[in-house]
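A structural walkthrough
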Amino acid sequence: MTRIPHWLAQHIAALRVVLVLTLLTGLAYPLAMTAFAQVPGLDGRAEGSRVTGADGRPAGSSLIGQSFTDAEGNPLTQYFQSRPSNAGTGYDAAASAAGNQGPESVVDTADKPSLLTLVCGRSKAVGDLEGVDGSRPYCTDDGVGAVLGVFHDGGTSGRVTRVVSLNQPCPAQPFLGSYQDVAVECAKDGADYSRAMTVPVRGEAPAHPQVPADAVTASASGLDPHISPAYAELQAPRIARERSMDEAAVRELIARYTTGRALGVLGEPGVNVVELNIALDRTHPVPSPKQGA
């Protein structure tokens, strides 16, 4: 009886292992997971949690936020507005990311606004849209960070010799007339203010702004479809007005699409804006702006 050469036996054994592992991990396991994903209660999530709009067409996913704006980026007033997004141009699942700006980001640069100015601008815009006070501490009336660049004759201390409103480029009127008896100047393009001490000014805004924090800050993923119940409640009067609804009916819908804390203790309650707006279109449709409404 002819024996198979040792080297050939090793190759045959290796081929058998490759074949078995290919069948197990490349065919059997994926098929088993696909079948398991069809179990009631899991099938929706496995398929991407897709949602259908009032017109019956696909309307994205209930797990990924959307922007409810027109072609120019202006809010569509008949819809609840989502929280801001830093994912690409907004809610781009391929570019999920945070803004990478922290509490020390208070001075604008030539190519990028500071986190403070982003928050101030968003708060003012939400206040204007909802007809409420959009002011916040450390924000100017025109929606930028209220931050001064203060020069001292001793470098970091001593008599104040010059003061610049760092986030208000000329010819803007500085938010503060004077600081320690020195007139405040507007910032000049290209000027170097690196020697100045950065001094944020709190101002007279209320400690608890009317515009909630989630309305002016983006989530860590940039994909969150939820807003806080407080932000939804702030928008309720506008939605009722735009859709000729009773505010009580709007609040009932808000409550229906509000989820509680995970496991009863983790996180905060949230309102799914995507599902809420689809429900609004189904129950109280409004003519599309494209139809001249």
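First, a word on what this report is: a plain description of the structure on this page. (Residues numbered from 1 in each chain as written. Predicted model: local features only at pLDDT ≥ 70, side-chain atom pairs only at ≥ 80, totals over all residues. Heavy atoms only, no water.)

1. Notes on the pairing of strand β4 (residues 160-169)
Two faces, one strand: in a regular strand the side chains alternate between the faces of the sheet. Most of β4 sits inside the fold, with seven of its 10 residues counted as buried. Bridge count between strand β3 (residues 147-152) and β4: five bridges; the pairing is antiparallel. Counterpart to H152 in the pairing with β4 is V160. As paired strands, β4 and strand β6 (residues 182-187) are joined by four bridges and run parallel to one another. Each bridged residue has a counterpart across the sheet, and for V164 the counterpart in β6 is E185. (Buried < 20%, exposed > 50% of the residue type's maximum accessible area, 1.4 Å probe, protein only. Helix = DSSP H or I, 4+ residues; strand = E, 2+ residues; numbered from the N terminus. Pairing = 2+ DSSP bridges.)

2. Focus: the pattern of salt bridges
In a structure, side chains of opposite charge can pair up when their charged atoms sit close to one another. Counted by the stated rule, this structure contains nine salt bridges. The residue R243 makes a salt bridge to D281 at a minimum N-O spacing of 3.0 Å. Taken as a pair, R243 in the loop between α4 (229-242) and α5 (247-256) and D281 in helix α6 (residues 273-283) lie far apart in primary sequence, 38 residues in all. Accessibility expressed as a relative area gives 5% for R243, which makes it buried. (Salt bridge = Lys/Arg side-chain N within 4 Å of Asp/Glu carboxyl O.)

3. Section: the sheet that holds β3
If you trace the five strands from one edge of the open sheet to the other, you get β5-β6-β4-β3-β7, paired in mixed fashion. Both edges of this open sheet fall to β5 (178-179) and β7 (197-200), since each of them pairs with a single strand only. Of the strand pairs in this sheet, β3 and β7 are connected by four bridges, and their pairing is antiparallel. Following the sheet pairing, V147 is matched in β7 by P200.

4. Digging into the side chain of R243
Among the polar contacts listed, one links the side chain of R243 to the side chain of D281, at a separation of 3.0 Å. Excluding residues that lie within four positions of it along the chain, R243 makes contacts with Q78, Y79, L280, D281, H284, P285 and V286. (Polar contact = N/O pair within 3.5 Å; in protein donor to acceptor, adjacent residues only side chain to side chain. Contact = heavy atoms within 4.5 Å.)

5. Quick look at the sheet that holds strand β8 (residues 226-227)
Hydrogen bonds between backbone groups are what pair the strands of a sheet, and the pairing can be parallel or antiparallel. Spatially, the three strands line up as an open sheet ordered β8-β10-β9, and their pairing is antiparallel. This sheet does not close on itself; its edge strands, each paired only once, are β8 and β9 (258-259). Here β8 runs beside strand β10 (residues 270-272); their pairing, made up of two bridges, is antiparallel. Counterpart to H226 in the pairing with β10 is N272.

6. What about unusual backbone geometry?
Across the junction of C170 and P171, the peptide omega takes the value 10 degrees, indicating a cis bond. Positionally, P171 belongs in the loop between β4 and β5. Unusually for a residue other than glycine, D181 sits at a positive phi of about 65 degrees. Relative to the helices and strands, D181 is located in the loop between β5 and β6. Taking the relative accessible area as the measure of exposure, D181 reaches 80% and is therefore exposed.

7. A few points about the packing of aromatic side chains
To describe a pair of aromatic rings, you give the distance between the ring centres and the angle between the ring planes. This structure, assessed with the given rule, holds two aromatic pairs. With 6.5 Å between their ring centres and 65 degrees between their planes, F151 and Y193 make a pair best called edge-to-face. Of the two residues, F151 sits in strand β3 while Y193 sits in the loop between β6 and β7, which places them 42 residues apart along the sequence. Between the NZ or CZ atom of R243 and the centre of the ring of Y79, over which it lies, the distance is 5.0 Å. (Phe/Tyr/Trp six-rings, centres within 6.5 Å; stacked < 30°, edge-to-face > 60°. Lys NZ or Arg CZ within 6 Å of the ring centre and 35° of its normal.)

8. Some details on the state of the cysteines
According to the stated counting rule, one finds two disulfides in the structure shown. Put simply, C120 and C139 are joined by a disulfide, and their sulfur atoms are 1.9 Å apart. When the S-S torsion is -80 degrees, as for the bridge of C120 with C139, the disulfide is left-handed. Here C120, found in helix α3 (residues 115-130), pairs with C139, found in the loop between α3 and β3; they are 19 residues apart in sequence, far enough to count as distant. Owing to a relative accessible area of 2%, C120 belongs among the buried residues under this scheme. Across the disulfide, C170 is cross-linked to C186 (sulfur-sulfur distance 1.9 Å). Between C170 and C186 the disulfide shows an S-S torsion of about 95 degrees. By sign, it is right-handed. Placement of the pair is C170 in the loop between β4 and β5 and C186 in strand β6, with a sequence separation of 16 residues. (Disulfide = S-S within 2.5 Å.)

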